[in-house]
Amino acid sequence: MDREKIVGDMLDAYPGKVMRNRKAHMIVKDSNKTQEIEADSRTVPGIITNRGCAYAGCKGVVLGPLKDMVHIVHGPIGCSYYAWGTRRNKARSENGGPNFINYAFSTDMNESDIVFGGDKKLAKAVREAYAIFKPKAMTISATCPVGLIGDDIHAVAREAEKELGIKVFAVSCEGYKGVSQSAGHHLANNALMTHVIGKGEDVVGKYSLNILGEYNIGGDGWEIGRVLDKIGYNIITVMTGDGSYESLKNAHKADLNLVQCHRSINYIAGMIETKYGTPWMKVNFIGVEGTIEALRNIAKFFGDEALTAKTEAVIKEELAEIKPAMDEYKKVTDGKTAFMFVGGSRSHHYQNLFKELGVSTIGAGFEFAHRDDYEGRDVIPFIKPNADNKNIEDIEVEKDEKNYKLYLSPEKLEQVKKDLASVIGNYEGMIKDMEDGSIIVDDLNHYETEKLIEVLKPDIFASGIKDKFVAQKMGVFSKQLHSYDYSGPYAGFKGAVTFAKDIVAGLTTPSWGFIVPPWKKGLSAEVMTGGEKTC
């Protein structure tokens, strides 16, 4: 099957200008070539994209999971619904402490607020939320109308902080900023670095870690934490799944930062290293081999023989527990194919787990990636800024002489950086790990989804909720990897077994044999409603 021809035939349906735009966002992997992919640029108007907005990335992804903070959305109620409970960020109360994860706080802006301004309504909402819930900190997130009418949410936050005596900060994360939710991640990183990190004075234990870019979807963070705790690490905070304002204040005290989702959190990882000295390591806790590699790399960083021995003992114990189940599930999955289109780093991470199950990935892409997510961080100096990402401020941080510390001596750290060059302060991107002939598409749209599924005929389509049902109506099993179809965890050792079980259940259900898409029946685009054909 000529994959270049497949891509070319798909692009032929577009008008010339659109075709040239979309062509730059697609490559067929060829190791013999230096390949560049276009990313983090505007979606063509009229195309049905799967992307979210800057507000979704800020409040919905990064800030929202912080369980002991009240997160007020200043905007219409629909925006609050979009960011409320749709990602399945799980959180537990700590020692009877506050947990507001299941609440949605909104000013419910209406037409009169748009005309006359909503800042007074916002100030009232902040006071009301504090009177009821008594949080130690609050955030205010802006939506599109707020930026258009000019409500000064930052002034409201400053006044509320003085009045209530708690930390209150606002983020101007209007949905139209940037080209996708990636802009919101950056804005939230800036806000947390400015207002939260470095404010704590707790004493931390030995082998202290932060887990960055882990959002505890379906309990992933708990499974990762279980294994790390078993080895003997001290997790200070998680950014931000099951995370808290109180723990996040002490993030600057960690010996090492682990970065799971590179796209959403790499900004803050770099800023913490500059200001406080904490190096960061790219990890992947999705898949058995990925988890083992991450655990061994962490142990190599610390360089403690007892810690290394404990790491190997835990790996051996965990493998013994899961191997029979994984071997059994692989009998069903071996030889299958997958096509993945997921945000963050998931389209890369899950290829490892699929491979362990004998499933080959024939195509993949990201919703809101930048070029470095595909090609690796070496390309960052060559990425040209555009009008959209210039809207997102890169805050400058300087070395904090009081709190700057290194777990390793400068000489030892340099040696470790050489020994672990692929993961310490680095991410090599998704393309490197994909097979030649794989189709890679950035910002995949619904037309392209249908065409590629029709031609490639994958056994599994792994994506999000927006296009899940497109595949299923075509008779292809679709696995939702943004919120796991109400399952999980999928991370770590036990998570791999849960994932394998769900994949086998999806592949073996007889449902797909009964699904015949309307276009295969020879029907027109009309549908039957109440016995009458309607458009």
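Residues numbered from 1 in each chain as written. Predicted model: local features only at pLDDT ≥ 70, side-chain atom pairs only at ≥ 80, totals over all residues. Heavy atoms only, no water.

1. What about the overall build of the chain?
No. 1: Within the chain one finds 20 helices and 16 strands.
No. 2: Since a compact globule built from 535 residues should have a radius of gyration of about 24 Å, the 24 Å found for the chain is in line with a globular shape.
No. 3: If you line up the chain on its principal axes, its C-alpha atoms span 65 × 65 × 45 Å.
No. 4: Buried residues in the chain amount to 57% of all 535 residues.
No. 5: A total accessible area of about 23,600 Å² is found for the chain, and carbon and sulfur atoms account for 52% of it.
No. 6: In the chain, the 67 positive side-chain charges and the 73 negative ones have mean positions that sit 2 Å from each other. (Helix = DSSP H or I, 4+ residues; strand = E, 2+ residues; numbered from the N terminus. Rg over C-alpha atoms; globule rule 2.2 N^0.38 Å. Buried < 20%, exposed > 50% of the residue type's maximum accessible area, 1.4 Å probe, protein only. Areas by Shrake-Rupley, 256 points an atom, 1.4 Å probe, with all protein chains shown as cover. Lys, Arg positive; Asp, Glu negative; His and termini not counted. Charge placed at Lys NZ, Arg CZ, Asp CG, Glu CD.)

2. Examining the sheet that holds strand 13 (residues 460-463)
No. 1: Across the sheet, six strands lie side by side as 1-12-11-10-13-14; this open sheet has mixed pairing. The open sheet has two edge strands with one neighbour each: strand 1 (26-28) and strand 14 (477-480). Neighbour-to-neighbour, the strand axes of the sheet open up by a mean angle of 20°, direction not taken into account.
No. 2: Pairing of strand 11 (residues 360-365) with strand 12 (residues 439-441) involves two bridges; the strand directions are parallel. In the strand pairing of strand 12, Ala 364 is matched with Ile 440. (Pairing = 2+ DSSP bridges. Axes fitted to C-alpha atoms, helices over the stretch in contact; angles between N-to-C directions.)

3. So, the sheet that holds strand 7 (residues 234-240)
No. 1: The parallel open sheet is built from four strands, whose spatial order is 7-6-8-9. The sheet is open, and its two edges are formed by strand 7 and strand 9 (280-282), each paired on a single side. This sheet shows a mean twist of 25° between the axes of neighbouring strands, independent of strand direction.
No. 2: Sheet topology note: the strand 6 (residues 208-214)/strand 8 (residues 256-259) ladder contains four bridges and is parallel. Each residue of the ladder has a partner; that of Ile 211, found in strand 8, is Leu 258.
No. 3: Each of strand 6, strand 7 and strand 8 is contacted by helix 10 (residues 220-231), which is oriented at about 160° to strand 6, the strand it contacts most.
No. 4: Where helix 13 (residues 288-302) meets the sheet, it contacts strand 6, strand 8 and strand 9, and its direction lies at approximately 160° from that of strand 8. (Contact = heavy atoms within 4.5 Å.)

4. Description of unusual backbone geometry
No. 1: Looking along the chain, the bond that leaves Met 239 and enters Thr 240 is cis, with omega of 0°.
No. 2: Counting through the fold element by element, Thr 240 comes out in strand 7.
No. 3: Omega for the peptide link from Gly 488 to Pro 489 comes to 0°, which places this bond in the cis form.
No. 4: Here Pro 489 lies in the loop between strand 14 and helix 20 (492-508).
No. 5: With phi around 55°, Tyr 207 is a residue other than glycine that occupies positive phi space.
No. 6: Relative to the helices and strands, Tyr 207 resides in the loop between helix 9 (181-195) and strand 6.
No. 7: For Asn 216, which is not a glycine, the phi torsion comes out positive at approximately 55°.

5. Points about the packing of helix 9 against helix 12 (residues 262-276)
No. 1: One can describe the packing of helix 9 onto helix 12 by two numbers: an axis separation of 7 Å at closest approach and a directional angle of 30°. The pairing of helix 9 with helix 12 is recorded here as roughly parallel in orientation. The element helix 9 and its partner helix 12 pack so that their crossing is right-handed. Seen from helix 9, the contacting residues are Ser 182, His 185, His 186, Asn 189, Asn 190, Leu 192 and Met 193; seen from helix 12, they are Arg 263, Ser 264, Ile 265, Asn 266, Tyr 267, Ile 268, Met 271, Ile 272, Lys 275 and Tyr 276.
No. 2: Taken together, the residues of the contact of helix 9 with helix 12 break down into eight nonpolar, seven polar and two charged. (Parallel < 35°, antiparallel > 145°, perpendicular 65-115°, else oblique. Left-handed = near helix turned anticlockwise from the far one by under 90°. Nonpolar A, V, L, I, M, F, W, Y, C, P; charged D, E, K, R; others polar.)

6. Some details on the side chain of Arg 371
No. 1: Structurally, Arg 371 is set in helix 16 (residues 371-375).
No. 2: Aside from chain neighbours lying at most four places away, what touches Arg 371 is Glu 36, Ile 37, Ala 39, Gly 376, Val 379, Phe 382 and Ile 383.

7. Topic: the state of the cysteines
In protein chemistry, a disulfide is the covalent bond that joins the sulfur atoms of two cysteines.
No. 1: Taken as a whole and judged by the stated rule, the model has zero disulfides.
No. 2: Of all cysteine sulfurs, the one in Cys 144 lies closest to Cys 53, which takes part in no disulfide; the gap is 6.2 Å.
No. 3: Relative accessible area serves as the criterion here: at 26%, Cys 53 is assigned to the partly exposed category.
No. 4: Its relative accessible area of 29% is what places Cys 144 among the partly exposed residues. (Disulfide = S-S within 2.5 Å.)

8. Describing the nonpolar core
No. 1: Tyr 233, Leu 258, Ile 268, Met 281 and Ile 298 are the most contacted members of the largest nonpolar core, which has 110 residues in total.
No. 2: For this core, the leading source of residues is helix 13, giving eight residues.
No. 3: Counting 24 residues, the second-largest nonpolar core is a separate cluster that includes Ile 47, Phe 339, Val 470 and Ala 471. (Core = buried A, V, L, I, M, F, W, Y, C linked by side-chain atoms within 4.5 Å.)

9. With respect to the confidence of the model for the chain
No. 1: The predicted model of the chain averages 93 in pLDDT, with 96% of residues at 70 or higher.
No. 2: Here residues 524-535 is modelled with pLDDT under 50, and outside its nearest four sequence neighbours on either side it reaches seven contacts, counting other chains as well. (pLDDT = per-residue confidence, 0-100.)

10. Focus: a nonpolar patch on the surface
No. 1: Among the surface-exposed residues, Ile 114, Val 115 and Phe 116 lie close enough to one another that they form a single nonpolar patch of about 350 Å² accessible area.
No. 2: As for its position among the elements, Val 115 is in helix 5 (residues 111-116).
No. 3: Among the residues examined, Val 115 registers a relative accessible area of 62% and is labelled exposed. (Patch = residues over 30% accessible without salt bridge, like charges linked within 9 Å, V, L, I, M, F, W, Y side chains within 5 Å. Salt bridge = Lys/Arg side-chain N within 4 Å of Asp/Glu carboxyl O.)

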